[in-house]
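Here is what each chain is made of, one letter per residue.
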Amino acid sequence: MRPTRLLTCAAVIAGITLPWPVRAGDAPSGLAGYERPFSAAERSHWAFQPPVRPAVPSVAHSDGCRTPIDAFVLAKLEAAGLAPAPPADRSTLLRRVYLDLIGLPPTPDEQRAFLADDSPHAFEKVVDDLLARPQYGERWARHWLDVARYAESNGYERDGAKPSAWRYRDYVVRSFNEDKPYDQFVVEQLAGDEVDGSNAESQIGTTFLRLGTWDDEPAEPMLDRYEQLDDVLGTTASAFLGLTLRCARCHYHKFEPLSQVDYYRMLAVFQPLKRPQEERTDLDRMVGTDSELAAYRRALAKTEAELKPLDEALAQITTAVRDRLFAAAASDPAATGAPARDAARTANAKRTALPTEAIAAFRAEPSARSAEQKQLVKKFSDQLDREIREAQTADETNRRAELEKQVAEFRARRPPEPPHGYIWYEEGQAAPAMQVLRRGDPTAPVAEVGPGLPAILARHDVPPPVPTSHSTGRRLWLARWMTRRDNPLVPRVWVNRIWQHHFGEGLVASENDFGVMGDSPSHPELLDWLACELVAGGWRTKPIHRMIVLSSTYQQAAAYGAVSPGLRPGSDESVRQGAATRADASNDTLRATDPGPPPADPGQRPGLNAAAASDPENRLLWHWRTRRLEAEAVRDAVLAVSGRLNPEMGGSSVFPPLPRAVLEGQSRPGDGWGKSDEREAARRSIYVFIKRVLAVPELELLDAPDTTSSCEQRTSSTIAPQALTFLNGEFMQQQAGHLAERLRRDAGDDPATQVARAFALALARPPRPEESQTAIDFLARQCHQIEADARAAGKLPGDTQLAALRAFCLVLLNTN
């Protein structure tokens, strides 16, 4: 924490009033104590200034620059007396870019094709091909879903499903594959129902606002309502603006120039939103253009009018039989205490087995039923329906069958229902009042405020929101301000996220916090240049990807100390050092994008000492930073290598099998977790159902994101259960078996050929001679061990070679 902030914090705690410079303009009436004046230094904070496109710097060794990105990076390296690492070898680079852009390793055929292409544009062609593949959207949509706190259940004890939430996931995948301009992407997620030409696609985009947790039985409904709005505002501010605005809910922000008035003005933008629900049931809504929805409703009304007399006739049969059942139950001597002589009269009358209170609930008018009666009706409806059908006379049964046949014919002609989206809605142009709340308490309003922007960012007068035909227009107003060309935060925050997922960390390492307390950018000029490039290029993301992955910076070797300070990239000495360093590096893991750094040897690698001493965290990007792949990419890569990956895209989510112990860990064991067959379960991990209180072990153990809030950066833990699960778990055991069968099909029975094929599939490179021999020896020993164990147990050994190959595959898939 910075010293000035320590002073501020201490002063606040002590109740001391600091001499803040006063911003021009008076506070709204009654809100003087809820404003937060800010200083000139805060006003001049780099992130609050509109980005200005800097000139590309001149560097001494421009021959090492493939894109303008390299010039910005190399300029800082040269100023520090450092040189970049040499290029990664072609096999490593190919695997890196495949995992990076589509989240899957290259196939052996793709490896051979690239290595055989000696044209200067070979890598460029690979990049363009990967960016055009549909798997690109699946890979990069997952990054955004982290930020959007995407999940398909509500959390809390019951953790009910969010109906149709999966459509948002498909919307994000499509948006990336179509290279939808980012400004449009922002607008649709905040106000897709308010834009001109609003349709199903743009309306589904607003699911972003509703993805947070939801308590279906809150102890304090009013407080819960503000919790929901706080989630919407906080996620919007962090995801798009990189601001921690929700910290100003109960008091002015202790560390940023953000006040409670700023918070509640922004909250007023979302105050008109209504949540579709029926008591404790979460609902979705139909989506589509106004004309599509109107046409559907007209056609539906016509069909319903035709069905009405048929439904009434069916209802008459149901009511008549039900009344007989209820009457028989009422005249039951056991229930009424009538004399035994009346028993003979009622012995043969069919009666309901429903309890008395349930009968009373069904007899009550629907509009007059209590909450308890509604629950009884819901609970016993199926039972009563069965009883009614069993108690019908033959004539009633025949008449019902005839009517139901006619109803089915009419319903078959009903128009197809439009898709549903998991979205909020607004009731009209009028907005409820928004009050600043003392200490965030909904029962302690202070004064009313209208929609507004954080004062620190409001450099120009912004016209007020203009209502649409069906809404207040406030969210569209906010989205349009966010996507102005001069917005200081939105383009910076987005290009920083793109950089983060290519390099493991953003140019601003606090990706959700660009405020005064956030990290300073390592390359501020490069950040602004990329932000301006994004806007100038029509806010499209793929050109930014392309520029990054084609840069020399991206294509560096992973090992550190690759080049001594002052060596020009590409010189004979730098190539010699780089080759020596790469010889020590390993690329044999599914779990890392690239090999880790070799151990330091001060006596042999002078470059290591100089670079590591001056920039141990690699902030200057003098080598490729290794990192473990995310959980989904590990699982997908394993499925791809085993040959079992199902490439089907989109649609409802799938449910891989879970261990019984995991299911029994719920408050209601197994509730809400469906069943998918093996082929469906083998789809990419982005299509796995995300249940907040129940996680797939292979994903959870590799640090799947916390979905309760926007996740800017996943953790990367190393714990014992990872090894135990990936060696002993059913998923990895199955995939090792599938890979063994694939190797036998592809490579026959020769162990050396099997090992070479396995390395090509799993590691995208041939085995080194010592690795090949070690693997062959392992297979032979394993065969002997399996045969010996079978003899000792008095059993037949079975296919020992396949069993040994399966064990080898399990080791290979777990190699680190």
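Residues numbered from 1 in each chain as written. Predicted model: local features only at pLDDT ≥ 70, side-chain atom pairs only at ≥ 80, totals over all residues. Heavy atoms only, no water.

## Let's talk about the overall build of the chain
Then comes step 1: Tallying secondary structure elements over the chain gives 33 helices and 6 strands in all.
Then comes step 2: Buried residues in the chain amount to 52% of all 816 residues.
Then comes step 3: Taking all contacts inside the chain whose residues are at least 6 apart in sequence as the whole, residues at least 24 apart take part in 74%.
Then comes step 4: Roughly 36,500 Å² of accessible area belongs to the chain as shown, and the carbon and sulfur atoms make up 53% of that amount. (Helix = DSSP H or I, 4+ residues; strand = E, 2+ residues; numbered from the N terminus. Buried < 20%, exposed > 50% of the residue type's maximum accessible area, 1.4 Å probe, protein only. Contact = heavy atoms within 4.5 Å. Areas by Shrake-Rupley, 256 points an atom, 1.4 Å probe, with all protein chains shown as cover.)

## Quick look at the nonpolar core
Then comes step 1: If you look at the biggest cluster of nonpolar residues, it comprises 127 residues, and the most contacted ones within it are Val97, Trp144 and Tyr168.
Then comes step 2: With residues near it in sequence (within four places) discarded, Val97 still touches Ile102, Phe123, Val126, Val127, Leu130, Val549 and Tyr554.
Then comes step 3: Core analysis: the next-biggest nonpolar cluster, separate from the first, contains 44 residues, Ala736, Leu761, Cys809 and Leu810 among them. (Core = buried A, V, L, I, M, F, W, Y, C linked by side-chain atoms within 4.5 Å.)

## Considering the pattern of salt bridges
Then comes step 1: One pass over the full model with this rule turns up 54 salt bridges.
Then comes step 2: As a salt-bridge pair, Glu188 and Lys180 come within 2.8 Å of each other at their nearest N and O atoms. Like Glu188, the residue Lys180 is buried in the burial classification.
Then comes step 3: Of the charged contacts, one joins Arg619 and Glu505 as a salt bridge, the two residues approaching to 3.8 Å between their closest N and O atoms. Of this pair, Arg619 sits in the loop between helix H24 (606–614) and helix H25 (631–642) while Glu505 is found in the loop between helix H20 (490–503) and helix H21 (524–536), placing the two residues 114 residues apart along the sequence.
Then comes step 4: According to the relative accessible area criterion, Glu505 is partly exposed, its value standing at 27%.
Then comes step 5: Each of the salt bridges in this network shares a partner with another, and the network as a whole consists of Arg142, Asp146, Glu632 and Arg714. (Salt bridge = Lys/Arg side-chain N within 4 Å of Asp/Glu carboxyl O.)

## Focus: the packing of aromatic side chains
Then comes step 1: A full pass over the atoms with the stated rule returns 26 aromatic pairs.
Then comes step 2: Where Phe72 meets Trp529, the ring centres are 6.0 Å apart and the plane angle is 50°; that geometry is what we call tilted. Of this pair, Phe72 sits in helix H3 (residues 68–79) while Trp529 sits in helix H21, placing them 457 residues apart in sequence.
Then comes step 3: Owing to a relative accessible area of 6%, Phe72 belongs among the buried residues under this scheme.
Then comes step 4: Here Phe503 and Trp624 contribute two aromatic rings whose centre-to-centre distance is 5.6 Å and whose plane-to-plane angle is 45°, an arrangement assigned as tilted. In this pair, Phe503 is assigned in helix H20 and Trp624 in the loop between H24 and H25, connecting sequence segments 121 residues apart.
Then comes step 5: Each residue in the set Tyr136, Trp144, Tyr150, Tyr168, Tyr171, Phe176, Tyr182, Phe185, Phe208, Phe240, Trp494 and Trp539 is aromatic and connected to the rest through ring pairs, giving one cluster.
Then comes step 6: The ring of Phe208 carries the charged tip of Arg149 above its face, separated from the ring centre by 5.6 Å.
Then comes step 7: Between the NZ or CZ atom of Arg413 and the centre of the ring of Phe410, over which it lies, the distance is 4.6 Å. (Phe/Tyr/Trp six-rings, centres within 6.5 Å; stacked < 30°, edge-to-face > 60°. Lys NZ or Arg CZ within 6 Å of the ring centre and 35° of its normal.)

## Points about helix H5 (residues 108–116)
Then comes step 1: Where H5 is concerned, the buried positions are Pro108, Gln111 and Phe114. Buried residues of H5, seen end-on, are gathered within an arc of 130° and therefore sit on one face of the element. Seen from the buried face of H5, the exposed residues on the opposite side, beyond 90 degrees, are Asp109 and Ala116.
Then comes step 2: Those residues of H5 hidden inside the fold are in contact with helix H4 (90–101), helix H6 (122–132) and helix H31 (751–763). (Arc of directions from axis to C-beta.)

## Observations concerning unusual backbone geometry
Then comes step 1: Positive phi values are uncommon outside glycine, yet Trp539 reaches one of about 65°.
Then comes step 2: Inspection of the secondary structure puts Trp539 in the loop between H21 and helix H22 (542–549).
Then comes step 3: What makes Trp539 buried here is its relative accessible area of 4%.

## Considerations on the state of the cysteines
As used in these notes, a disulfide is a covalent bond between sulfur atoms, one from each of two cysteines.
Then comes step 1: Scanning the model with the defined rule gives 0 disulfides in all.
Then comes step 2: A disulfide-free cysteine, Cys250 has its sulfur positioned 9.8 Å from the sulfur of Cys247, the nearest such atom. (Disulfide = S-S within 2.5 Å.)

## Here we look at the confidence of the model for the chain
Then comes step 1: In this model, the chain carries an average pLDDT of 88, and 88% of its residues clear a pLDDT of 70 or more.
Then comes step 2: Across residues 335–348, where pLDDT falls below 50, the model places 9 contacts with residues more than four positions away in sequence or in other chains.
Then comes step 3: Low confidence marks residues 561–589, where pLDDT is under 50. Its contacts with residues over four positions away, or in another chain, come to 72 contacts. (pLDDT = per-residue confidence, 0-100.)

## Observations concerning the side chain of Asp513
Then comes step 1: Along the chain, Asp513 turns up in the loop between H20 and H21.
Then comes step 2: The class of Asp513 is buried, set by a relative accessible area of 15%.
Then comes step 3: Separated by 2.9 Å, the side chain of Asp513 and the backbone nitrogen of Gly515 make a polar contact.
Then comes step 4: With sequence-adjacent residues up to four places away left out, Asp513 is seen in contact with Gly242, Thr244, Glu256, Val508, Gly518, Asp519 and Glu712. (Polar contact = N/O pair within 3.5 Å; in protein donor to acceptor, adjacent residues only side chain to side chain.)

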